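Okay, here's what each chain looks like letter by letter:
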Amino acid sequence: MSELTLTLLRLGFLALLWLLVLSVVAVLRRDLYTSSRPGRRPAMAGAPPAMAGGGGRSPAPQPEAAPPMPTHLVVTAGSLKGTTIPLGQAPILIGRAPESTLVLDDDYASGRHARLSLRHGVWMVEDLGSTNGTFLGRNRVQDPVPIAPGAQVRIGRTVLELRR
């Protein structure tokens, strides 16, 4: 075999290996962002009927019905537009770092940019010392601030909303 043939075979094999690696990464990323958490969903879905079953008291169902609890975080603008993350009890870390729950491909986002967390039944957003800031509506977030469903949280070019 000639030197050119061997070089072409090596490059072809290297290209196949990279294709395999990239396809594995794509599958893992898709699984991370579309996986449902079966242990948490039935508990949330089962809670209102249990409370409605003990409906002799009217104050218990009213607080449950008054604040609509969001169930998903939706990216409405930016490179990840259309991405949906189911909300559970765990906080959601947002940033460019690979260990973030929502990894942003945005030059204006920091590695660990912001965190969404559930505190006393209310979702809060807090900036984690980012360079360009986190905005709730038009206001820059300094301390943890409650988020109403439908309110827009902006991180760089990415806009997020909590939805039911």
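Keep in mind that this is a model prediction, so the values were computed, not measured.

Chemist: Would you mind going over the packing of aromatic side chains with me for this structure?
Modeler: Centre distance and the angle of the planes are the two values used to describe a pair of aromatic rings. Enumeration over the complete set of coordinates arrives at 0 aromatic pairs. Its guanidinium or amino end placed over the ring of Phe135, Arg154 lies 4.5 Å from that ring's centre, counting from NZ or CZ.

Chemist: Whenever I open this one, the sheet that holds strand β9 (residues 145–146) confuses me. Can you help?
Modeler: In a beta sheet, neighbouring strands pair by backbone hydrogen bonds and run either parallel or antiparallel. Read across the sheet, 5 strands follow the order β4-β3-β5-β6-β9 without closing on themselves; strand pairing throughout is mixed. Strand pairing shows two members of the sheet lacking a second neighbour, β4 (102–103) and β9, which therefore form its edges. Examined bridge by bridge, strand β3 (residues 92–95) and strand β5 (residues 114–119) share 3 bridges and lie antiparallel to one another. Bridge assignment links Ile92 to a residue of β5, and that residue is Leu116.

Chemist: What should I look at first to understand a nonpolar patch on the surface in this one?
Modeler: A cluster of nonpolar side chains, namely Leu4, Leu8, Leu11, Leu14, Trp18, Val21, Leu22 and Val25, defines an oily patch on the protein surface of about 820 Å² accessible area. Its place among the elements puts Trp18 in helix α1 (residues 3–34).

Chemist: Which parts of the structure should I look at to understand the nonpolar core?
Modeler: Most often, soluble globular proteins have nonpolar side chains that are buried together. Among the nonpolar cores identified, the biggest contains 23 residues, and Leu73, Ile94, Leu102, Leu116 and Leu160 are the most heavily contacted of them. Elements with a minimum of two residues in this core: β1 (72–77), β3, β4, β5, β6 (122–127), β10 (152–155) and β11 (158–163). For Leu116, the contacting residues outside a window of four places in its chain are Leu73, Pro91, Ile92, Ile94, Trp123, Met124, Val125 and Ile147.

Chemist: Honestly, the sheet that holds β11 in this entry has me stumped. Any pointers?
Modeler: Strand order in this open sheet of 6 strands is β2-β1-β11-β10-β7-β8, and the pairing throughout is antiparallel. Edge positions in the open sheet fall to β2 (84–86) and β8 (139–140), since each of these has one partner strand only. Sheet analysis places β10 next to β11, joined by 4 bridges and oriented antiparallel. When the sheet's bridge partners are listed, Val153 is paired in β11 with Leu160.

Chemist: Honestly, unusual backbone geometry in this entry has me stumped. Any pointers?
Modeler: With glycine set apart, most residues show a phi of negative sign, and most peptide bonds adopt trans. Here the phi dihedral of His120 falls at roughly 55°; this positive angle occurs in a residue that is not glycine. Residue class for His120 comes out exposed when judged on its relative accessible area of 84%.

Chemist: Even after reading the chapter, I still don't get the pattern of salt bridges, so can you show me in this structure?
Modeler: Once their charged atoms are close, side chains differing in charge can pair, the charge on each being opposite to the other. Counting across every chain of the model gives 3 salt bridges. Residue Arg163 pairs with Glu161 through a salt bridge whose shortest N-O separation is 3.1 Å. On the basis of relative accessibility, which here comes to 37%, the residue Arg163 falls in the partly exposed class. Salt bridges sharing common partners tie together Arg115, Arg119 and Glu126.

Rules behind the numbers
Residues numbered from 1 in each chain as written. Predicted model: local features only at pLDDT ≥ 70, side-chain atom pairs only at ≥ 80, totals over all residues. Heavy atoms only, no water. Phe/Tyr/Trp six-rings, centres within 6.5 Å; stacked < 30°, edge-to-face > 60°. Lys NZ or Arg CZ within 6 Å of the ring centre and 35° of its normal. Pairing = 2+ DSSP bridges. Helix = DSSP H or I, 4+ residues; strand = E, 2+ residues; numbered from the N terminus. Patch = residues over 30% accessible without salt bridge, like charges linked within 9 Å, V, L, I, M, F, W, Y side chains within 5 Å. Areas by Shrake-Rupley, 256 points an atom, 1.4 Å probe, with all protein chains shown as cover. Salt bridge = Lys/Arg side-chain N within 4 Å of Asp/Glu carboxyl O. Core = buried A, V, L, I, M, F, W, Y, C linked by side-chain atoms within 4.5 Å. Buried < 20%, exposed > 50% of the residue type's maximum accessible area, 1.4 Å probe, protein only. Contact = heavy atoms within 4.5 Å.

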